[in-house]
Amino acid sequence: MRIFISTGEASGDLQGSLLTQSLKRQATAKNIELEIVGLGGSRMANAGANIIGDTAGIGSVGILESIPYILPTLQIQHQTKKYLQINPPDLVVLIDYLGPNISIGNYIRHSWPKIPIIWYIAPQVWVWAPPWENIANIVSITDKILAIFPEEANYFEQQGANVTWVGHPLIDRMQGAPSRENARISLGIELDKIAIALIPASRQQEIKYLMPAIFEAAQIIQNKLPKIHFWIPLSRPALRHPIQKAIEDYKLQATLLENQNLEIIAAADLAIAKSGTVNLEIALLNVPQIAIYRVNPITYWLARKLLKFSIPFISPVNLVLQREIVPELLQEQATAENIAFQAMELLLNQDKIRLIKANYQQMRETLGGIGASDRAASEIIQMLLNAIR
């Protein structure tokens with residue numbers, strides 16, 4: 001039996017890899033010979049998926065920012081549809097990745113109406129629901145939505161979807177995370193030294209719009225606390241050169257490491273991070289953080305003024321409880337001075353640190369228990385078996 005998984009960007013590759021591992025494990029337990037093919041990246045490949053198109057590095061956020069990725073995305077979509085014509089799957093799983101997955105889902109539904117389509121981790125239209133987005137399209141092409149947030153499940157149920165809330169898969173991922181003490185031993189950080197995790201980018205656009213403000217803020221912090229050291233996890237090898245060059249240009253006391261994301265975050269006293277899934281990882285490791293979001297100024301103006309785009313929060317950590325748990329600095333607020341000010345507050349103000357950690361605990365309780373990936377895989381395997389009977 002063959003399952004096709006379609007996802008994009010670094011975070012989707014991570015979620016796809018966790019799901020692939022659970023699917024493989026459950027298929028083996030049920031003596032099912034299962035092939036997983038899909039769109040993703042190296043993490044999915046390492047988990048056992050046959051990657052027919054690498055989408056981990058072609059995602060973007062924003063209107064103008066997406067333009068360079070239109071052609072590569074269309075090329076991968078074309079290749080994928082040709083592959084599927086020759087190798088139709090028994091079941092399809094879409095993970096986030098709104099525009100491309102709508103296209104894939106519509107193609108599957110039109111070409112093979114009886115192939116089940118599951119959307120696991122639906123696009124966050126339940127948060128931002130733009131007036132130009134056809135929410136019904138998401139519901140109409142899917143046989144089931146596997147939701148990771150309670151509010152996500154409630155929203156799509158109200159839209160008429162068949163929904164199961166499985167909980168958040170990062171809860172599972174954190175079970176393998178090191179303790180603060182072990183992470184510091186692994187990285188060679190003395191227990192009394194201040195360490196800050198800088199997480200500026202997983203997309204190319206963030207190198208341009210986010211990293212300068214974050215690194216300039218780090219420079220300000222370093223001037224105030226000369227013995228501090230910055231640790232930077234590398235999300236994709238393609239970003240190594242620009243990040244390493246920026247470390248040198250800003251004269252930061254920093255170490256850039258690949259494949260040690262959780263160790264770096266767990267060891268940190270504070271994280272200054274781009275907005276995204278990594279904010280949840282930081283929160284689940286109980287590390288105070290500042291979430292930063294910046295896009296092309298023209299994109300921001302178009303979204304706010306012309307398209308009337310409005311969301312309550314940008315960081316997933318704050319979205320979970322629909323209130324500010326961690327500081328968010330968006331667009332014109334995301335200056336080096338503001339980032340540095342918030343960072344010093346979270347390094348030195350024990351009351352704020354305690355409040356953030358208490359709020360993290362509340363947030364954690366809404367994400368479900370251990371086993372989210374296995375619950376999702378169980379739903380998928382059951383639907384697969386029902387489809388082929």
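Residues numbered from 1 in each chain as written. Predicted model: local features only at pLDDT ≥ 70, side-chain atom pairs only at ≥ 80, totals over all residues. Heavy atoms only, no water.

Enquirer: Help me out: how do you make sense of the sheet that holds strand 11 (residues 270-274) in this one?
Expert: Strand pairing in a sheet relies on backbone hydrogen bonds, with the paired strands running either antiparallel or parallel. Read across the sheet, six strands follow the order 10-9-8-11-12-13 without closing on themselves; strand pairing throughout is parallel. Each end of this open sheet is capped by a strand with a single partner; those strands are strand 10 (254-258) and strand 13 (328-330). Within this sheet the neighbouring strands show an average axis-to-axis angle of 20°, counted without direction. As paired strands, strand 8 (residues 195-199) and strand 11 are joined by four bridges and run parallel to one another. Directly across from Leu198, in strand 11, lies its bridge partner Ile272. (Pairing = 2+ DSSP bridges. Helix = DSSP H or I, 4+ residues; strand = E, 2+ residues; numbered from the N terminus. Axes fitted to C-alpha atoms, helices over the stretch in contact; angles between N-to-C directions.)

Enquirer: Help me understand the packing of aromatic side chains in this model?
Expert: Both the distance between ring centres and the angle between the ring planes are used here to describe each pair of aromatic rings. If you walk through the whole model with that rule in mind, you get three aromatic pairs. Ring centres of Tyr155 and Phe156 lie 5.2 Å apart, and the angle between their planes is 90°; on these two criteria the pair is classed as edge-to-face. Judged by its relative accessible area of 17%, Tyr155 falls in the buried class. (Phe/Tyr/Trp six-rings, centres within 6.5 Å; stacked < 30°, edge-to-face > 60°. Buried < 20%, exposed > 50% of the residue type's maximum accessible area, 1.4 Å probe, protein only.)

Enquirer: Looking at this structure, I do not really get the pattern of salt bridges. What am I missing?
Expert: Two side chains of opposite charge can pair, provided their charged atoms sit close to one another. Taken as a whole and assessed by the stated rule, the structure comprises 12 salt bridges. One salt bridge in this structure joins Arg2 and Glu35, with 3.0 Å as the shortest N-O distance. With Arg2 in strand 1 (residues 2-6) and Glu35 in strand 2 (residues 35-40), the pair connects residues that are 33 residues apart, well separated along the chain. Residue Glu35 is classed as partly exposed on the basis of its relative accessible area, which comes to 30%. (Salt bridge = Lys/Arg side-chain N within 4 Å of Asp/Glu carboxyl O.)

Enquirer: How should I be thinking about the pairing of strand 3 (residues 50-54) in this particular structure?
Expert: Where a strand is regular, its side chains alternate between the two sheet faces. Here strand 2 pairs with strand 3 via four bridges, running parallel. Bridge pairing in strand 3 places Gly40 opposite Asp54. For the crossover that starts at strand 2, traverses helix 2 (residues 42-47) and ends in the parallel strand 3, the hand is right-handed. (Right-handed = clockwise from strand over helix to strand, strands pointing away.)

Enquirer: Quick question: what am I supposed to make of the packing of helix 17 (residues 336-348) against helix 18 (residues 350-365) here?
Expert: To describe two helices that pack against each other, one gives the angle between their axes and the distance between the axes. Close contact between helix 17 and helix 18 brings their axes to 5 Å; oriented N to C, the two are set at 85°. By the angle between their axes, helix 17 is roughly perpendicular relative to helix 18. Between helix 17 and helix 18, the residues in contact are Glu345, Leu346, Leu347 and Leu348 and Gln350, Lys352, Ile353 and Ile356, respectively. Tallied by class, the residues present in the contact of helix 17 with helix 18 amount to five nonpolar, one polar and two charged. (Parallel < 35°, antiparallel > 145°, perpendicular 65-115°, else oblique. Contact = heavy atoms within 4.5 Å. Nonpolar A, V, L, I, M, F, W, Y, C, P; charged D, E, K, R; others polar.)

Enquirer: Whenever I open this one, the sheet that holds strand 6 (residues 144-147) confuses me. Can you help?
Expert: Pairing within the open sheet is parallel, and its seven strands lie in the order 3-2-1-4-5-6-7. A strand with exactly one partner marks an edge of an open sheet, and here the two such strands are strand 3 and strand 7 (163-165). For this sheet the average axis-to-axis angle between neighbouring strands, irrespective of direction, equals 20°. Across three bridges, strand 6 lies against strand 7 in parallel orientation.

Enquirer: Explain helix 18 here, please?
Expert: Between the first and last C-alpha of helix 18 there are 23 Å, a value that for 16 residues agrees with the 22 Å anticipated at 1.5 Å per step. Among all positions in helix 18, only Ile353, Ile356, Asn359, Tyr360 and Met363 are buried. Across the axial projection of helix 18, the buried residues extend over an arc of 130°, all falling on one side. In this structure, helix 18 carries Asp351, Arg354, Leu355 and Glu365 as exposed residues pointing more than 90 degrees from its buried face. Contact partners of the buried residues in helix 18: helix 14 (277-284), strand 12 (289-293), helix 16 (316-321) and helix 17. Two to three positions downstream of the cap, the backbone nitrogen of Asp351 sits 3.1 Å from a side-chain oxygen, assigning the N-cap of helix 18 to Asn349. (Expected span 1.5 Å × (residues − 1). Arc of directions from axis to C-beta. Polar contact = N/O pair within 3.5 Å; in protein donor to acceptor, adjacent residues only side chain to side chain.)

Enquirer: In this structure, what is going on with the pairing of strand 8? I would like to understand it.
Expert: Counting buried residues in strand 8 gives five out of five residues, a clear majority hidden from the surface. Burial along strand 8 is two-sided: the face carrying Ala195, Ala197 and Ile199 and the face carrying Ile196 and Leu198 are both buried. Pairing of strand 8 with strand 9 (residues 229-234), which is carried by three bridges, proceeds in the parallel orientation. Its bridge partner lying in strand 9, Ala195 is registered against His229.

Enquirer: Could you clarify how one ought to interpret the environment of Asn296 in this entry?
Expert: Mapped onto the secondary structure, Asn296 falls in the loop between strand 12 and helix 15 (297-306). Its relative accessible area of 13% is what places Asn296 among the buried residues.

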